[in-house]
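Here are the chains, one letter per residue:
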Amino acid sequence: MKTILIAEDEPAISRVLKAYLEKAGYRVEQAFTGDQAIEVFVSCSPSLVLLDVMLPGQDGWSVLEQIRKRSSCPVIMLTALGQLEQKLAGLNQGADDYITKPFVAEEVVARVNAVLRRSPQLIVDEAVKYFGSLKVNLRARTVTLHGVELDFTPRDLSLFLFLAQHPNQAFSREQLIEHVWGVDYEGSDRAVDLAIKRIRKTLENWPASEGEIRTLRGLGYQLYVQEQT
Ligand code: CA
């Protein structure tokens with residue numbers, strides 16, 4: 001089931017959207033401030049975000065910018081009438097669509113369906129990825145730097161490959177545990193920190209200008225890469 005994040009500070013609007021989206025078969029998470037929107041975005045990895053422009057704390061533009069640093073998840077901006085310039089700015093900043101308030105809930109559901117239909121598959125199909133001088137082969141499960149295969153423990157390798165599948169996307173320790181260690185894992189989150197420390201050591205000759213594993217305070221980790229070719 002796909003998860004939609006509604007970032008909207010007006011409880012009545014959020015409630016109506018939630019009801020309609022759930023009826024349409026989506027799981028819904030809600031956020032009522034900009035900061036909360038980012039927090040929930042990171043913890044629930046939604047398939048799409050409905051993002052109000054006027055949010056308390058960080059506004060919708062700032063939230064959009066933060067989301068775009070982490071992922072290409074589709075975002076539909078909710079704008080007030082007369083914010084045409086803002087709409088255009090939003091589309092330039094990477095919003096996928098916008099809806100003008102006041103809106104009819106059915107229309108929002110239709111737009112959500114449409115954007116999800118056209119949004120590119122986020123699962124990476126290519127087995128081999130290049131991050132500067134680092135070559136990651138997801139199928140063969142190998143990581144080579146300047147042609148030399150790097151040596152990871154199997155778990156560390158799984159963790160790094162998972163991050164490499166989703167470059168520039170932040171994951172919480174809990175998410176990494178769930179994806180890499182499995183839902184049955186009962187140890188501490190500290191295992192993630194230790195694994196990341198070992199992975200960074202293994203990658204120490206990979207130039208930071210090409211990419212690095214970043215710690216995002218309060219969020220978790222991401223494999224930050226300059227550009228992908
Ligand atoms: Ca608002």
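Rules behind the numbers
- Residues numbered from 1 in each chain as written.
- Predicted model: local features only at pLDDT ≥ 70, side-chain atom pairs only at ≥ 80, totals over all residues.
- Heavy atoms only, no water.
- Salt bridge = Lys/Arg side-chain N within 4 Å of Asp/Glu carboxyl O.
- Helix = DSSP H or I, 4+ residues; strand = E, 2+ residues; numbered from the N terminus.
- Buried < 20%, exposed > 50% of the residue type's maximum accessible area, 1.4 Å probe, protein only.
- Contact = heavy atoms within 4.5 Å.
- pLDDT = per-residue confidence, 0-100.
- Expected span 1.5 Å × (residues − 1).
- Arc of directions from axis to C-beta.
- Phe/Tyr/Trp six-rings, centres within 6.5 Å; stacked < 30°, edge-to-face > 60°.
- Lys NZ or Arg CZ within 6 Å of the ring centre and 35° of its normal.

Glancing now at the pattern of salt bridges. Applying the stated criterion across every chain, the model contains 13 salt bridges. Residue Arg 173 is joined to Asp 193 by a salt bridge in which the shortest nitrogen-to-oxygen separation is 2.8 Å. In this pair, Arg 173 is assigned in helix α7 (residues 173–181) and Asp 193 in helix α8 (residues 190–202), connecting sequence segments 20 residues apart. On the basis of relative accessible area, Arg 173 is assigned to the partly exposed category, the value being 25%. In this structure, Glu 204 and Lys 201 form a salt bridge, with 3.4 Å as the shortest nitrogen-oxygen distance. A relative accessible area of 54% places Lys 201 in the exposed class.

Looking at helix α2 (residues 34–44), one finds that the buried residues are Gly 34, Ala 37, Ile 38, Val 40, Phe 41, Val 42 and Cys 44. Where α2 is buried, its residues contact β1 (3–7), β2 (27–31), β3 (48–52), α3 (60–70) and α7. A positive backbone phi angle near 40° is found at Ser 45, which sits one or two residues after α2.

It should be kept in mind that the predicted coordinates are not to be read in detail where pLDDT is low. Within the protein, residue pLDDT values average 87, and 90% of them lie at 70 or more. Taken together, the stretch residues 121–125 has pLDDT below 50 and engages in five contacts with residues farther than four places along the chain or on a different chain.

Its 13 residues give helix α1 (residues 11–23) an end-to-end C-alpha distance of 18 Å, which sits within 8% of 18 Å, the value for a rise of 1.5 Å per residue. Of all the positions in α1, only Ser 14, Leu 17 and Leu 21 are classed as buried. Axial view of α1: buried residues confined to an arc of 70°, hence all on one face. α1 presents Arg 15 and Lys 23 as exposed residues on the side facing more than 90 degrees away from its buried surface. The elements touched by buried residues of α1 are β1, β2, β3, β4 (75–80) and α5 (105–118).

Here we take up the packing of aromatic side chains. Following the criterion strictly, the structure yields three aromatic pairs and no others. Each ring, one from Phe 152 and one from Phe 160, has its centre 5.8 Å from the other, and the planes form 10°; the classification is stacked. When sorted by exposure, Phe 152 lands in the same class as Phe 160, which is buried. Their ring planes at 55° and their centres at 4.8 Å tell us that Phe 162 and Phe 171 sit as a pair that is tilted. The same class applies to Phe 162 and to Phe 171, which are both buried. One Lys or Arg, Arg 214, reaches over the ring of Tyr 224 and ends 3.5 Å from the middle of that ring.

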